[in-house]
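Below, each chain spelled out in residue letters.
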Amino acid sequence: EPEVTQTPSHQVTQMGQEVILRCVPISNHLYFYWYRQILGQKVEFLVSFYNNEISEKSEIFDDQFSVERPDGSNFTLKIRSTKLEDSAMYFCASTVGLAGAVEQYFGPGTRLTVT
Amino acid sequence: GDSVTQMEGPVTLSEEAFLTINCTYTATGYPSLFWYVQYPGEGLQLLLKATKADDKGSNKGFEATYRKETTSFHLEKGSVQVSDSAVYFCALSERGGSQGNLIFGKGTKLSVKP
């Protein structure tokens, strides 16, 4: 069964460093998402991406964040200058995008630790 | 804005016990409602969904009914198993379609003891 994959599973970085989190969505999916979950808190929407551009973003997704689909398979989240409060589990999701197909498929997550 | 509130965990039950995890929502429109489950070390998986009032979603013995009058979508299972141990997330999508972002509750950790 096709699945969303994410790498790395755990990333440790120092404050101020840039990090890139990688995701490979399911191959025929058209909509891609990033969510994050700070330990003990809710899963929060960051950004959605369709047709090579951001379709929606939350107020969390400020200028420090960017997303890219550099090729036909990868979908990346970049944090330019990490802060301690960026420490969280980051989930990638994708969906086929057809009417009525509401399920978003999630990856296993990348745990980001900023020290 | 839209929000989802679900009961605090952890919830610990014995095998074959009845499970209820409460979930209520606040939304301006007519959202679709979801329960996602996260098994240890894995990603979020859709457990069940309901797209309009009075719909009942069901899967793997779990059920939830979309109650517009009480703005609720409580998850129930008549007889839990050890393999049901996981974190359960209630979520809504305001647009009701695949393009809409999901708004999640905090998650409820369920532990089922043999």
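Anything mentioned here points back to the structure above.
Quantities reported herein were computed from a predicted structural model and do not represent experimental measurements.

**Student:** So what exactly am I meant to see when it comes to the overall build of chain A here?
**Tutor:** When helices and strands are tallied, chain A shows 0 helices and 11 strands. When the helices and strands of chain A are read in sequence order from the N terminus, they spell out β-β-β-β-β-β-β-β-β-β-β. Taking 13 Å as the expected radius of gyration for a compact globule of 115 residues, we find that chain A reaches 13 Å, a close match to that expectation. Along the first, second and third principal axes, the C-alpha set of chain A runs to 40 × 25 × 25 Å. Counting every position in chain A, which comprises 115 residues, the buried fraction comes to 47%.

**Student:** I keep staring at the sheet that holds strand β7 (residues 56-59) of chain B and nothing clicks. Help me out?
**Tutor:** Each strand in a sheet pairs with its neighbour through backbone hydrogen bonds, running either in the same direction (parallel) or in the opposite one (antiparallel). All names here are of chain B. Across the sheet, which stays open at both edges, the 4 strands sit in the order β3-β9-β8-β7 with antiparallel pairing between neighbours. Looking along the sheet, the strands with just one partner apiece sit at the ends: β3 (19-21) and β7. Neighbour-to-neighbour, the strand axes of the sheet open up by a mean angle of 15°, direction not taken into account. Across 3 bridges, the pairing between β3 and strand β9 (residues 75-77) is antiparallel. In the sheet register, Leu19 faces β9, and the bridge partner there is Lys77.

**Student:** Looking at this structure, I do not really get the pattern of salt bridges. What am I missing?
**Tutor:** Any two side chains of opposite charge can pair, so long as their charged atoms come close to each other. All names here are of chain B. Taken as a whole and judged by the stated rule, the model has 4 salt bridges over all chains. Of the charged contacts, one joins Asp55 and Lys52 as a salt bridge, the two residues approaching to 3.3 Å between their closest N and O atoms. Residue class for Asp55 comes out partly exposed when judged on its relative accessible area of 22%. The residue Glu63 makes a salt bridge to Lys56 at a minimum N-O spacing of 3.6 Å. Given a relative accessible area of 33%, Glu63 falls into the partly exposed group.

Each value, and the rule that gives it
- Residues numbered from 1 in each chain as written.
- Chains lettered and ligands numbered in written order.
- Predicted model: local features only at pLDDT ≥ 70, side-chain atom pairs only at ≥ 80, totals over all residues.
- Heavy atoms only, no water.
- Helix = DSSP H or I, 4+ residues; strand = E, 2+ residues; numbered from the N terminus.
- Rg over C-alpha atoms; globule rule 2.2 N^0.38 Å.
- Buried < 20%, exposed > 50% of the residue type's maximum accessible area, 1.4 Å probe, protein only.
- Pairing = 2+ DSSP bridges.
- Axes fitted to C-alpha atoms, helices over the stretch in contact; angles between N-to-C directions.
- Salt bridge = Lys/Arg side-chain N within 4 Å of Asp/Glu carboxyl O.

None of the figures reported here should be taken as evidence of function without further support.
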